Amino acid sequence: MRLPGIAMIVVILCLAPVWALEEADVLFFAPFEDSSSAQFSSGRGQAQVTGGPQFGPGRRGKAVALDADSLLTYAFHGNVLPDEGAIMMWIKPEWRSDDDKFHHIFRASTGNFGGKALNAIMLYKYINKDRLMFYTSNGQENAPHEGRTIAVRDDLALPAGEWVHLAATWSATLANTEMYLYLNGERVSAAGGAVFVPDREPETFAIGGPAGSGATWFDDVIVFQRPLMAREVRQIFESYGSKAVPEPTDLPFASKAELLLRPYVLFGRNELVVEVDFRGARRDLGKEPGQVEVALSSDGKEMKAQAPAGADGVARVTFDYIKFPTGPSKVAAALRRRDGSTVRKGEITYTVPARPVWLGNDLGKAEKVLPPWTPLRVNGDAVEMWGREYTCKGSPLPSQVVTQEQSLLREPIRMTVRAGGKSASLQAAPAGAWEGGDAAVTRQWASAFGPLQCKTASRIEFDGFMRLDMELTSTAPKAVDELVLTVPLRPEAATLYHHANGEWTDLSDAGAVGPAGWSKALAFVPYVWIGTEKGGLAWFCEHKQNWSNADANKAVEIAHTQEGVDLRVRFIDRETKLGEPMRLTFGFMATPVKPMPTGWRDWREMSISAIHLEGFCKQGWAAPGCRNIGHLWNNHVGTFSYLPANPAEMRGKVQLLRDNGWDAVLSYFALNYTQVGTPDFQIMEREWRRNPYTESSATKDISYASACNASTWADFLVWAIAKTMDETGTDGPYLDCSNPNFCRSAEHGCAPGRYPLFATRDIQKRIYAMVREKRGERGFVYSHISENNIMTTFSFSDAVLNGEQYNRKDLRSLTLDKFRAELSPQPYGVPAFLLPTLVKFQPDKKEKMPGAEFLAFPLLHDVICVHAWLGRESQLLNKKIQGILHDFGVADAEFLPYWDNGKEIAVSPGGATVSAYLRKDGKAALLIAQGAGEFRIALNGRLAALRDQPARDALTDEPLRWEKGKLLWSLPDRKVQLAIVSAAK
């Protein structure tokens, strides 16, 4: 039924009008004044009652209490729109939000498949983590994490027995794919970019439940036909605190039909944007498209612009930011029909922000060779950089790649085209010699290519980064049947692989290349590396735009043929007509990217979150004689990936750590995330946001949001790190979440979608250069990665921290092959730390693999294991092992890995994996083993002089015996074992 006219008069007289909200926006309103049925509904409003709801005092008037066995169910059709809307209500929980139980607040779904609620719109308190979740999903029966969107807030701390106001908005329209969650009028979480909504309507939605969860009071449940804006949510919440309280059966706002206006600035484009939301007026506009007109005025300056009013209900009008003054302004808009008549108007005041001081800064942008690299050298068609050489003869594609004096290609990289039954390979002559300087060189190429003309711009940088920009133009009307890039590698140079897409998915993986006949087909991935433990070659590409594949799951393939190993990239493999020029950008990078730094095995790293730093320093985690690297966690910075809340206080903490043996102190930043609610975020949010967009809670009071490195966020982050170093004395950043995450935002140029490899590389390069300029050799850039070891970025890291992916993945899947390809430093040239992930997320806090067994993995591969997320006993064991390594002199010893020490070490019988270190003086060796049983170790070659010399178990200090020139070594289980063999003095 409709609200009585006299009641609406009361609302108008008693309440300040909410920004532009109108009665027509409401689909369902249940105030629960001694009735479970809706006061107003567009669909059927009668409640289906389960259990025994009770009525009592509410937030205004009365409310309904639903115990563990009570439920109110309503018709979904007409009362909720699947594509977009808002849900709002007051609740008073009679339970603790940390009670480890589900509490459903609003629930609509058609069923469940493997843990995924189908066709769902749900607001509920999650079973653990004190988490409030708003969840929408489609109806596809797939993995639980696919086809759903979630806005989540952790550390909720809902007060039991007190009223709280909840609101959730969602939209899957083309104009506004966003989701927001509000608590007491404040935005606490968001998601966006791909809001999945029901493919078919649920029959009902329910308030309350499930059984066994406790009682909840509900008042003023309202469902809107459109997503409310933040100001509207806030104003409705505040209206409940006004002195003039309307009748409890009335809506808690005054109806006011206006256009909704949202202005913001995109500084990267110098655009002032006004979004005009006229979804509430579409019925009045009719089926004919209309026009939106917007006027900006300030101090006599006026600018006008217009845009078509389409069926989606949101128009975007842009102005030249540079031409309009900053400061207070008036924004007025009108929606007009085709005949010019006015449908609706809207007006707001808006303060046009000034250009941020950090925008467009040049920090780290100098085109110069950075340490430890050497200047590029050009020798005809060949370009040399540290440890590697690329030759491009007869084509812009490398004809040979050499790393560490090993040739990787068995024949030149080729691109082939097939059209009209004829095939051709790309061949081209350069327009001239390589041009440039010590840091980068470029070259232009042009040639006919079958039915295509190909123009290519090549660029090679001092760290081995090679980028190719191609433009292919059809010279004949024939369709192209195939366009394929093939990288033919020598079999002995291609025994391992690693491919990555920046996330923890099956498209990020690593392992050993199989025997001849083996192949691995992949959907598009932006990064593939193939090589050995000594180095390899990476191919990279940001996106698959202009690709045309018959089977999207075979766009990229690694194949072991009789001749060797091929990487095949299928840009086109089905009949495709090229109208516009086809542009392709991809590249190559040989590894290792730089020399390993002197003494890196004596680096010790720790994340420092201890509140009382004085007590922490006394615990002795700073290892004597080592380079101790500590990064201060957010609780010491006071923010999340933003400027320190109190620079002077943080400077004192940095100095305290320095005085207690911490040589390098870093501050926490995230390469892809920043804190919401900060002054910079409030101005830059729409420009910085990665799409898909998420917000998560870092602490009870701090949330963080996903940002894209291809936006002006890059300028801010480099500036913020530099400012933090200047004000606090830190030596550089710890960079969390360092991967080039997929983005499709049109606001900063990522549409229709890409992995911003180049922007992520650029921001990391700028940070690295800036840190070196400020701190020299003491400076440190530390990158946290998970599974995605993408060297286009991590070339500019002093060390990487890998391993967190095994919080989710089974540690038993971590094979030796996978470790060498994904986690080891040898193929890549960047020191590696391992995050053990044994205790985190374990309900009983017990290690999911015994730490003494796990530690053999990093030790066998010359990787430093950090102490975090090990059990206490394992932490002490790790610390002891690291002390033994240091005292042994591992910093400048030669590593003899199990995969390449057959000339020095023979183990019998099989079943044990043994690596070793050999000191430069040749007098001692440290052996590390993983296995179970009784073994005999024969030392040969350079280690032969150590036969029958004193040997001892390094962990127990017990002597080991020799028998017939072989070391007897008992390994009762798979725990890590260390032995030291020393020449007699």
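Counting of residues starts from 1 at the beginning of each chain's written sequence and follows it residue by residue. Local features in a predicted model are, by the rule used here, given only for residues with pLDDT of at least 70; side-chain atom pairs are given and counted only at 80 or more, and totals for whole chains, interfaces and linings are based on all residues. Just so you know, side-chain values use all the structure's heavy atoms and leave hydrogens and water out.

> When you look at the overall build of the protein chain in this model, what are you seeing that I'm missing?
In terms of regular secondary structure, the protein chain is built from 14 helices and 66 strands. To sort residues, take the accessible area from a 1.4 Å probe on protein chains only and compare it with the maximum for the residue type: under 20% means buried, over 50% means exposed, and anything in between is partly exposed. In the protein chain, which comprises 985 residues, the share counted as buried stands at 59%. Contacts in the protein chain between residues far apart in sequence, at least 24 positions, make up 70% of those at least 6 positions apart. With residues, only the protein chains shown are counted as cover, and all accessible areas are computed by Shrake-Rupley using a 1.4 Å probe. As displayed, the protein chain offers around 38,200 Å² of accessible surface, 49% of which is attributable to carbon and sulfur atoms. The averaged location of the 115 negative side-chain charges in the protein chain is 2 Å from the averaged location of its 111 positive side-chain charges. Helix and strand definitions follow DSSP, with helices as H or I runs of at least four residues and strands as E runs of at least two, each counted in order from the N terminus. Whether two residues touch is decided by their heavy atoms; if any such pair falls within 4.5 Å, the residues are in contact. Charge counting treats Lys and Arg as positive and Asp and Glu as negative, with His and both chain ends excluded. Charged groups are reduced to one reference atom each: NZ for lysine, CZ for arginine, CG for aspartic acid, CD for glutamic acid.

> Looking at this structure, I do not really get the pairing of strand β66 (residues 977-982). What am I missing?
Along any regular strand, the residues point their side chains to alternate faces of the sheet. Here β66 lies mainly inside the structure; 5 of its 6 residues are buried. The rule for pairing is simple: two strands pair if DSSP sees at least two bridges between them. Sheet analysis places strand β61 (residues 924-930) next to β66, joined by 6 bridges and oriented antiparallel. Along β66, the bridge assignment pairs Leu 927 with Ala 979. In this structure, strand β63 (residues 951-953) lies alongside β66, joined through 3 bridges in antiparallel fashion. Paired with Ala 951 across the strands is Val 981, a residue of β66.

> Can you help me understand unusual backbone geometry in this one?
Leaving glycine aside, a negative phi is the common case for residues, and trans is the common case for peptide bonds. Cis geometry is adopted by the peptide bond preceding Pro 372, which originates at Pro 371 and carries an omega value of 10°. Here Pro 372 shows up in the loop between β25 (342-352) and β26 (377-379). With an omega dihedral of 0°, the bond running from Ala 751 to Pro 752 counts as a cis peptide bond. Of note in this structure, Asp 299 is not a glycine but carries a positive phi near 50°. Checked against the element boundaries, Asp 299 lands in the loop between β21 (290-298) and β22 (301-309). Of note in this structure, Glu 787 is not a glycine but carries a positive phi near 80°. Note on placement: Glu 787 falls in the loop between β54 (782-784) and α10 (791-794).

> So what exactly am I meant to see when it comes to the packing of aromatic side chains here?
Any two rings among Phe, Tyr and Trp, with Trp reduced to its six-membered ring, count as a pair given centres within 6.5 Å; such a pair is stacked if its planes are under 30 degrees apart, edge-to-face if over 60, and tilted if neither. A full pass over the atoms with the stated rule returns 50 aromatic pairs. Pairing Trp 358 with Phe 716 gives two aromatic rings, centres 5.3 Å apart and planes at 75°, and the pair type is edge-to-face. Taken together, the positions of Trp 358 in the loop between β25 and β26 and Phe 716 in helix α8 (residues 713-728) put the pair 358 residues apart, joining distant regions of the chain. According to the relative accessible area criterion, Phe 716 is buried, its value standing at 0%. Aromatic rings pair up to connect Trp 603, Trp 633, Phe 640, Tyr 668, Tyr 673, Tyr 704, Tyr 734, Phe 780, Tyr 782 and Phe 833 into one cluster. The criterion is that NZ of a Lys, or CZ of an Arg, lies within 6 Å of the ring centre and within 35 degrees of the ring normal, and then a charge sits over that ring. The residue whose ring lies beneath Arg 627 is Trp 603, and the NZ or CZ to ring-centre distance is 5.6 Å.

> Sorry if this is basic, but what is going on with the pattern of salt bridges here?
Opposite charge on two side chains permits pairing when their charged atoms draw close. A pair is scored as a salt bridge if a Lys or Arg side-chain nitrogen falls within 4 Å of a carboxyl oxygen belonging to Asp or Glu. Taken as a whole and assessed by the stated rule, the structure comprises 69 salt bridges. The salt bridge partner of Arg 234 is Glu 186, with a shortest N-O separation of 2.9 Å. Of this pair, Arg 234 sits in helix α2 (residues 230-239) while Glu 186 sits in strand β16 (residues 186-192), placing them 48 residues apart in sequence. Arg 459 serves as the salt-bridge partner of Glu 367, at 2.8 Å between the closest nitrogen and oxygen. With Glu 367 in the loop between β25 and β26 and Arg 459 in strand β36 (residues 452-461), the pair connects residues that are 92 residues apart, well separated along the chain. In the salt-bridge network here, residues are joined through shared partners; they are Glu 178, Arg 187, Arg 262, Glu 271, Glu 275, Arg 316, Glu 685, Arg 686, Arg 689, Glu 695 and Glu 747.

> Just checking my understanding: could you explain the sheet that holds strand β53 (residues 733-736) for this structure?
Pairing between the strands of a sheet is mediated by backbone hydrogen bonds and can be parallel or antiparallel. Across the sheet, which stays open at both edges, the 8 strands sit in the order β47-β48-β49-β53-β54-β55-β56-β57 with parallel pairing between neighbours. A single partner strand is all that each edge strand has here, and the edge strands are β47 (603-608) and β57 (864-865). In terms of strand pairing, β54 meets strand β55 (residues 799-802) through 3 bridges, oriented parallel. Residue pairing for β55: Tyr 782 is matched across the bridge by Ala 799. In this description, a line fitted to the C-alpha atoms serves as the axis of each element, helices being fitted only across the stretch in contact, and the angle between N-to-C directions of two axes falls anywhere from 0 to 180 degrees. Sitting on the sheet, helix α6 (residues 647-659) touches β47, β48 (627-632) and β49 (664-670), and the angle it makes with β49 is about 135°.

> Help me out: how do you make sense of the packing of α8 against helix α9 (residues 757-775) in this one?
Angle between the axes and distance between the axes: these two values describe a pair of packed helices. Closest axis-to-axis distance for the α8/α9 pair is 10 Å, and the angle between their directions is 20°. Considering the angle they form, α8 stands roughly parallel to α9. The handedness of the crossing between α8 and α9 is right-handed. Here Ala 714, Asp 715, Leu 717, Val 718, Ile 721, Ala 722, Met 725 and Asp 726 of α8 lie close against α9, whose contacting residues are Ile 763, Arg 766, Ile 767, Met 770, Val 771, Lys 774 and Arg 775. Put simply, angles under 35 degrees are roughly parallel, angles over 145 are roughly antiparallel, angles from 65 to 115 are roughly perpendicular, and the rest are oblique. The sense of a crossing depends on the near helix, which, turned anticlockwise from the far helix by less than a right angle, makes the crossing left-handed and, turned clockwise, makes it right-handed.

> Please explain the nonpolar core as it appears in this structure.
Nonpolar side chains in soluble globular proteins tend to be buried together. Among buried residues, the Ala, Val, Leu, Ile, Met, Phe, Trp, Tyr and Cys ones that are joined through side-chain atoms within 4.5 Å form a nonpolar core. Membership of the largest hydrophobic core comes to 142 residues, with the highest contact counts inside it found for Met 415, Trp 539, Phe 586 and Phe 588. In this view, Met 415 contacts Leu 397, Ala 424, Ser 425, Leu 426, Phe 449, Met 470, Leu 483, Val 484, Leu 485, Phe 571, Leu 584 and Phe 586; residues no more than four positions away in its chain are not counted.

> Could you clarify how one ought to interpret the sheet that holds strand β64 (residues 962-963) in this entry?
Strand order in the open sheet formed by 4 strands is β59-β62-β65-β64, and the pairing between neighbours is antiparallel. Two strands close off the open sheet at either side, each with one partner strand: β59 (905-908) and β64. By the bridge criterion, 4 bridges tie β59 to strand β62 (residues 933-939) in an arrangement that is antiparallel. Residue pairing across strands places Ser 908 opposite Arg 936, the latter belonging to β62.

> Is there a simple way to explain helix α14 (residues 872-888) in this structure?
Helical periodicity: at 3.6 residues per turn, an α-helix aligns residues three or four positions apart in one direction. The end-to-end C-alpha distance of α14 is 24 Å, a good match for the 24 Å that 17 residues give at a rise of 1.5 Å each. Among all positions of α14, only Ser 874, Gln 875, Asn 878, Ile 881, Gln 882, Ile 884, Leu 885 and Phe 888 are buried. Looking one or two residues past α14, Gly 889 carries a phi angle of roughly 100°, positive in sign. By this rule the span expected of a helix is its residue count minus one, scaled by 1.5 Å.

> Is there a simple way to think about the side chain of Glu 533 in this case?
Of note, Glu 533 is situated in the loop between β42 (527-532) and β43 (535-541). Taking relative accessible area as the criterion, Glu 533 reaches 14% and is therefore assigned buried. Identification of polar contacts relies on pairs of N or O atoms within 3.5 Å, with a donor-acceptor requirement for protein atoms, meaning one able to donate a hydrogen and the other able to accept it, and with residues adjacent in sequence counted only if both atoms are side-chain atoms. Only 2.7 Å separates the side chain of Glu 533 from the side chain of Arg 820, close enough to count as a polar contact. Residues contacting Glu 533, with those up to four places away along its chain left out, are Thr 495, Leu 496, Arg 820, Gln 826, Pro 827 and Trp 899.

> Looking at this model, I keep getting lost on α8. Mind explaining?
Taking 1.5 Å of rise per residue, the 16 residues of α8 would be expected to cover 22 Å, and the 22 Å separating its terminal C-alpha atoms lies within 8% of that figure. For α8, a buried count of 12 out of 16 residues is recorded, marking the element as mostly surrounded by other parts of the structure. Residues of α8 that are buried: Trp 713, Ala 714, Asp 715, Phe 716, Leu 717, Val 718, Ala 720, Ile 721, Ala 722, Thr 724, Met 725 and Thr 728. Phi for Gly 729, located one or two positions after α8, is positive at around 85°.

> I tried to follow the pairing of strand β8 (residues 103-108) on my own but got confused; where do I start?
Counting buried residues along β8, 5 of its 6 residues qualify, which places the element largely inside the surrounding structure. The pairing of β8 with strand β11 (residues 121-125) spans 5 bridges and is classified as antiparallel. Each residue of the ladder has a partner; that of Phe 106, found in β11, is Leu 123. Pairing of β8 with strand β17 (residues 204-207), which is carried by 2 bridges, proceeds in the antiparallel orientation. When the bridges of β17 are listed, Arg 107 appears paired with Ala 206.

> Any chance you could explain the environment of Phe 102 here in plain terms?
Among the structural elements, Phe 102 can be located in the loop between β7 (84-93) and β8. Since its relative accessible area comes to 30%, Phe 102 is described here as partly exposed. Separated by 112 residues in the primary sequence, Phe 102 and Gly 214 have C-alpha atoms spaced 9.3 Å apart. When near neighbours in sequence (up to four residues on either side) are disregarded, Phe 102 contacts Tyr 124, Lys 125, Tyr 126, Ile 127, Pro 210 and Ser 213.

> How do you make sense of the environment of Leu 666 when you look at a structure like this?
By the secondary structure assignment, Leu 666 is in strand β49. Overall, Leu 666 belongs to the buried group, its relative accessible area being 0%. Taking the C-alpha atoms as reference points, Leu 666 and Arg 377, separated by 289 residues in sequence, lie 35 Å from one another. Setting aside residues up to four positions removed in sequence, Leu 666 forms contacts with Ile 629, Gly 630, His 631, Leu 632, Thr 730, Asp 731, Gly 732, Pro 733, Tyr 734, Phe 780 and Tyr 782.

> How should the side chain of Ser 667 be read in this particular structure?
Relative to the elements of secondary structure, Ser 667 occurs in strand β49. By relative accessible area, Ser 667 is classed as buried at 2%. In contact with Ser 667, other than residues within four places in its own chain, are Leu 632, Met 650, Thr 724, Thr 730, Gly 732, Pro 733 and Tyr 734.

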